[in-house]
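Next come the chains, spelled out residue by residue.
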Amino acid sequence: MILLLIFAPIEQGVAGAMPNFEPNQDQLEWIINSNRPPTSAPTSVAVGTTPSEQYQFIQCNPSEECCNGNPLNCDLRLNEMSFATVHNAMSTKESSNSLGYNHLFDLDGALLAGYRGLNLDVCKCGGRIRFCHNFCDFGDRDAAQVLLEVMKFLMNPEHLSEIVVLIFQFSTGEATADELYEVMQDVDGFTDLMYVHNAADPSAEWPLMRDLLNQDQPKRIVVFQHDGPDCSVAGSCPAGIHDYFDYTADTPFEFSSVDNMRNVETSCVINRGPKEGAAFYGVNTFVTPPNVDTAAVVNSLTFVKRRLNRCSRASGLIPNFITVDFWSIGDVPEIAQRRNIALAQMMRRER
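Residues numbered from 1 in each chain as written. Predicted model: local features only at pLDDT ≥ 70, side-chain atom pairs only at ≥ 80, totals over all residues. Heavy atoms only, no water.

**A closer look at the pairing of strand β9 (residues 280-284)**
Remember that side chains alternate between the two faces of the sheet whenever the strand is regular.
Part 1: Of all the five residues making up β9, five are buried; the element is thus mostly covered by neighbouring parts of the structure.
Part 2: Burial of β9 is two-sided: the residues F280, G282 and N284 facing one way and the residues Y281 and V283 facing the other way are all buried.
Part 3: Bridge analysis of strand β8 (residues 248-250) against β9 gives three bridges, and the strand direction is parallel. Looking at the pairing, D250 lines up with G282 of β9.
Part 4: Note that β9 and strand β10 (residues 321-324) share three bridges and pair parallel. In the strand pairing of β10, N284 is matched with T323. (Buried < 20%, exposed > 50% of the residue type's maximum accessible area, 1.4 Å probe, protein only. Helix = DSSP H or I, 4+ residues; strand = E, 2+ residues; numbered from the N terminus. Pairing = 2+ DSSP bridges.)

Structure (structure tokens):
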């Protein structure tokens, strides 16, 4: 049953439980002509301001079981969840003020808004591990400080049922997984929270969300990496750092326009990772170079829901990582949470 939900085409059972991804006629006209404003404007912020009030992602009562904002999510396995994911999360106007930033505001705000996936580029600059965007002085953040911000969020008493996925891309300076792990160890309690998947057993299921939390030592940080060492080779990666493309089918990531992203035949295909049997599906939903106005379109409720529906049908997979620029604009955490709740409700009905 679980394998059917993960790998079968979405129309074979999941689509009926998921929110309607098809737009009405007014919204369809807007999607076709991006210069026309939508009937319902997406959530947005002006450059230089603080984020507007976000969707209420955490919806649990203090007395009930909760997993990533909703009790129903506890019934889902990690690879059945959708995660609103921040692309190049270290690259922000707020911290770096450099040209070409991917976001207006830092990732601590993204976590509060409901983003549970963070994509970070690992660099080695001046002999130190940092997060940067292709060049050491571009979107540059201190790695230990960023990981400390993640821990601060996770250890807040209001967030003890939250699980975060970190996706590291090894970039500039030939940093190693061991060096990154040393930085993690320097952040008190970080490596204790890291989940270790049984990579030696190809049939090993990914855990239920509740099982990650209901342990003597909860596992609330899931770490992937790519463009670094081959973690399938013994001794290449510390325990808890998993190869992203061993498990994840990923769409293309270089879209020059919104129209490129609307072309399902090219924008939803599996560009990297397993062609069959993937545990996760990454749907990249950003345009290069980063642009605030474009993010207001592609991060909107209508556009993302339609893109997820089309990519699901084209690939036969359910989106897990919905990766965007300018996290403070749009409705991506709401879309991810609504999809999770709908899938969990369907699974309960079928038991």
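**Examining the environment of G139**
Part 1: Here G139 lies in the loop between β3 (128-131) and β4 (141-142).
Part 2: Expressed as a C-alpha distance, the spacing of G139 and S96, which sit 43 residues apart in the sequence, is 5.4 Å.

**Quick look at the state of the cysteines**
Part 1: Scanning the entire structure with this criterion turns up six disulfides.
Part 2: Two residues share a disulfide in this structure: C123 and C132, whose sulfurs sit 2.0 Å from each other. Classification of the bridge connecting C123 and C132 rests on its S-S torsion, roughly -95°, and on that basis the disulfide is left-handed.
Part 3: Residue classification places C123 among the buried residues on the basis of a relative accessible area of 0%.
Part 4: A disulfide bridge connects C125 with C136, and the sulfur atoms are separated by 2.2 Å. Between C125 and C136 the sulfur-sulfur dihedral comes to about -90°; the bridge is accordingly left-handed. Remark: C136 occurs in the loop between β3 and β4 and C125 occurs in strand β2 (residues 117-125); sequence separation between them is eleven residues.
Part 5: Of the residues examined, C125 reaches a relative accessible area of 11% and is grouped as buried.
Part 6: You can call C136 partly exposed: its relative accessible area is 25%.
Part 7: Sequence-ordered numbering of the bonded cysteines in the chain gives a pairing of 1-2, 3-4, 5-7, 6-8, 9-10, 11-12. (Disulfide = S-S within 2.5 Å.)

**Topic: helix α11 (residues 301-315)**
Part 1: Helix length check: α11 (15 residues) gives 21 Å between terminal C-alpha atoms against 21 Å at 1.5 Å per residue, within 8%.
Part 2: Every buried residue belonging to α11 is among T302, F303, V304, K305, R306, R307, L308, N309, C311 and S312, and all of these are buried. (Expected span 1.5 Å × (residues − 1).)

**Examining the confidence of the model for the chain**
Part 1: Averaged over every residue, the pLDDT of the chain is 85; residues scoring 70 or more account for 84%.
Part 2: Overall, residues 1-52 carries pLDDT values under 50, and its contacts beyond four positions in sequence, including any with other chains, amount to 100 contacts. (pLDDT = per-residue confidence, 0-100. Contact = heavy atoms within 4.5 Å.)

**Comments concerning the nonpolar core**
Part 1: Counting 63 residues, the largest nonpolar core has F131, F168 and M184 as the members making the most contacts within it.
Part 2: Counting residues per element, this core draws most heavily on helix α4 (residues 143-155), which supplies seven residues.
Part 3: Core analysis: the second largest hydrophobic core is formed by 28 residues, Y195, F245, F321 and I341 among them. (Core = buried A, V, L, I, M, F, W, Y, C linked by side-chain atoms within 4.5 Å.)

**A few points about the side chain of T285**
Part 1: Note on placement: T285 falls in the loop between β9 and α10 (292-298).
Part 2: Under the relative-accessibility criterion, T285 is labelled buried at 0%.
Part 3: Of note is the side chain of T285, whose polar atom sits 3.3 Å from the backbone oxygen of V283.
Part 4: Among the polar contacts made by the side chain of T285, one reaches the side chain of R307 at a distance of 3.3 Å.
Part 5: Dropping the residues within four chain positions of it, T285 is found in contact with M261, V298, N299, R307, I322, T323 and V324. (Polar contact = N/O pair within 3.5 Å; in protein donor to acceptor, adjacent residues only side chain to side chain.)

**Looking at the packing of α11 against helix α12 (residues 332-350)**
Part 1: As a packed pair, α11 and α12 sit with axes 9 Å apart at the nearest point and diverge in direction by 45°. By the criterion of interaxial angle, the relationship of α11 to α12 is oblique. Crossing handedness for the pair α11 and α12: right-handed. For the pair α11 and α12, the contacting residues are L301, V304, K305 and L308 in the first and V332, E334, I335 and R338 in the second. (Axes fitted to C-alpha atoms, helices over the stretch in contact; angles between N-to-C directions. Parallel < 35°, antiparallel > 145°, perpendicular 65-115°, else oblique. Left-handed = near helix turned anticlockwise from the far one by under 90°.)

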